[in-house]
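# Summary of the model geometry
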Amino acid sequence: MKLKIVTWNVNSLRVRLTHLLTWLQTEQPDIIVLQETKLEDKDFPLDELIAAGYQVIYSGQKTYNGVAILSKQTITETVIGMPGFADVQCRVLAATIAGIRIMNVYVPNGSMVGSDKYIYKLAWLEQLYKYLQQQLKQYPSLIVLGDFNIAPEDRDVHDPKAWEGQVLVSEPERQALRKIMDLGLQDAFRLFENTGGHYSWWDYRAGALHRNHGLRIDHILVSTALVKSCKSCVIDKAPRRWERPSDHVPVVASFNWSG
DNA sequence: ATGGCGGCTCGCAGCCGA
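For clarity, every value in this text was computed on a predicted model and none was experimentally measured.

### Topic: the overall build of chain A
The helix and strand inventory of chain A stands at 6 helices and 14 strands. A compact globule built from 259 residues should have a C-alpha radius of gyration of about 18 Å, and chain A, at 17 Å, falls within 12% of that. Judged by the C-alpha coordinates and their principal axes, chain A covers about 45 × 45 × 35 Å. Scored against the burial criterion, the 259 residues of chain A give a buried share of 43%.

As structure tokens, then:
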């Protein structure tokens, strides 16, 4: 069975709904996880997404954060948030689809190194580590994907000198991500591409897209049991050039899954 | 370059994002 699995930070689902529907129409992913929906559940555009052929689960709040999972196949075992971590911010959504555990994460931005938000980000990542450690034992076939707000290495940064030590790039953040990956999770994009210059986010300002001044901060991490079935992982830059785009673009992984 | 852009809100300016 072929599976196309996608992550996309839409930066307001209300604003980006037409982009999403257009993209779903042409790309037909089996599973797509969204971040920054910025919608309360009562305002979620459920009917439109069902009409597009998807089952949907979501966890949202006003103004900030908000996550959703869309799937053509049946969604089971839904868990909202991280168990044991009381958080008013809607950043995590997990479910089982086609025998694969899907973990949608919107990692905190962190604001500035050393700030309260940065400390929250590191604590949050430690909690995610514990959660994934437990989940991997229960579900060996697991994919954790979303907006990690961390560029793993300098080749994921357009100007590593300018970004050195800053939030999204700082060593403690990278270390926290490496610790998570050391649980047995591989960066799908790096299974197929070793060069730099590939990004998933570009600032709206200063012609960043045109100059390719971006960061690769949206990731698809695949558990060891699934690595062999992962056949490609690409970043679809096209929607960033559409009118009134999200500042992030979809990251798309394809699998030949026999589970 | 601490700006720039875009989305949000009991808005008309200030926040947050990355």
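### Describing the sheet that holds strand β9 (residues 185-187)
Whether parallel or antiparallel, the strands of a sheet pair through hydrogen bonds between backbone atoms. The strand order across the open sheet built from 6 strands is β5-β6-β7-β8-β12-β9, with neighbouring strands paired in mixed fashion. Of all the strands in the sheet, just β5 (75-80) and β9 have a single pairing partner and so form its edges. Taking each pair of neighbouring strands and ignoring which way they run, the sheet shows an average axis angle of 20°. As defined by bridge partners, β9 adjoins strand β12 (residues 218-223) across 3 bridges and the pair is classed as antiparallel. The residue bridging Gln 186 from the neighbouring strand is Val 222, located in β12.

### Comments concerning the packing of helix α3 (residues 116-138) against helix α5 (residues 171-181)
As a packed pair, α3 and α5 sit with axes 9 Å apart at the nearest point and diverge in direction by 5°. The angle between α3 and α5 places the two elements in the roughly parallel class. Residue-level contacts link Leu 122, Leu 125, Glu 126, Leu 128, Tyr 129 and Leu 132 of α3 to Pro 172, Ala 176, Lys 179 and Ile 180 of α5.

### A word on the nonpolar core
Counting 73 residues, the largest nonpolar core has Ile 31, Ile 102, Ile 143, Val 144 and Ile 220 as the members making the most contacts within it. Per-element accounting of this core gives the leading share, 6 residues, to α3. Those residues within four positions of Ile 102 in sequence are excluded, and the remaining contacts are Ile 31, Val 33, Ile 69, Ala 94, Ala 95, Ile 97 and Ile 143.

### Some words on the sheet that holds strand β3 (residues 55-59)
A sheet is described by the order of its strands in space; here 6 strands give the open sequence β3-β4-β2-β1-β14-β13, paired in mixed fashion. Each edge of the open sheet is held by one strand with a lone partner, namely β3 and β13 (230-235). Across the sheet, the axes of successive neighbouring strands diverge by a mean angle of 10°, strand direction being ignored. Bridge analysis of β13 against strand β14 (residues 251-256) gives 5 bridges, and the strand direction is antiparallel. Each bridged residue has a counterpart across the sheet, and for Val 234 the counterpart in β14 is Val 252.

### Some points on helix α1 (residues 13-27)
Structural remark: α-helix, 3.6 residues per turn; residues separated by three or four positions point the same way. The end-to-end C-alpha distance of α1, which contains 15 residues, comes to just 18 Å, noticeably less than the 21 Å that a straight helix rising 1.5 Å per residue would cover. The sharpest bend along α1 comes to roughly 30°, located at His 19. For α1, the complete set of buried residues consists of Leu 13, Arg 16, Leu 20 and Trp 23. Buried residues along α1 sit in contact with β2 (31-35). Note on α1: the residue one or two positions beyond its end, Gln 28, has a positive phi of about 50°.

### Some words on the protein's contact with DNA strand B
Neighbouring residues of DNA strand B: 22 residues in total, closest Ser 12, Thr 63, Asn 109, Tyr 204 and Arg 205. Looking at the surface near DNA strand B residue by residue, the class counts come to 7 nonpolar, 7 polar and 8 charged.

### Points about the environment of Glu 36
Inspection of the secondary structure assignment puts Glu 36 in the loop between β2 and α2 (46-51). Residue classification places Glu 36 among the buried positions, given that 23 C-beta atoms sit within 10 Å. The spacing of Glu 36 and His 19 is 17 residues in sequence and 14 Å in space, taken between C-alpha atoms. Dropping the residues within four chain positions of it, Glu 36 is found in contact with Asn 9, Val 10, Asn 11, Ser 12, Asn 65, Gly 66 and Tyr 106.

### Overview of the pairing of β2
Counting buried residues in β2 gives 5 out of 5 residues, a clear majority hidden from the surface. Burial along β2 is two-sided: Ile 31, Val 33 and Gln 35 and Ile 32 and Leu 34, pointing in opposite directions, are all buried. Across 5 bridges, strand β1 (residues 2-9) lies against β2 in parallel orientation. The residue of β2 that forms the bridge with Thr 7 is Val 33. In terms of strand pairing, β2 meets strand β4 (residues 67-71) through 5 bridges, oriented antiparallel. Counted as the bridge partner of Gln 35 is Val 67 from β4.

Cut-offs applied
Residues numbered from 1 in each chain as written. Chains lettered and ligands numbered in written order. Predicted model: local features only at pLDDT ≥ 70, side-chain atom pairs only at ≥ 80, totals over all residues. Helix = DSSP H or I, 4+ residues; strand = E, 2+ residues; numbered from the N terminus. Rg over C-alpha atoms; globule rule 2.2 N^0.38 Å. Buried ≥ 20, exposed ≤ 12 C-beta atoms within 10 Å, placed from the backbone. Pairing = 2+ DSSP bridges. Axes fitted to C-alpha atoms, helices over the stretch in contact; angles between N-to-C directions. Parallel < 35°, antiparallel > 145°, perpendicular 65-115°, else oblique. Contact = placed C-beta atoms within 7 Å. Core = buried A, V, L, I, M, F, W, Y, C linked by C-beta atoms within 7 Å. Expected span 1.5 Å × (residues − 1). Bend = angle between axes of the 7 residues up to and from the residue. Near = placed C-beta within 6 Å. Nonpolar A, V, L, I, M, F, W, Y, C, P; charged D, E, K, R; others polar.

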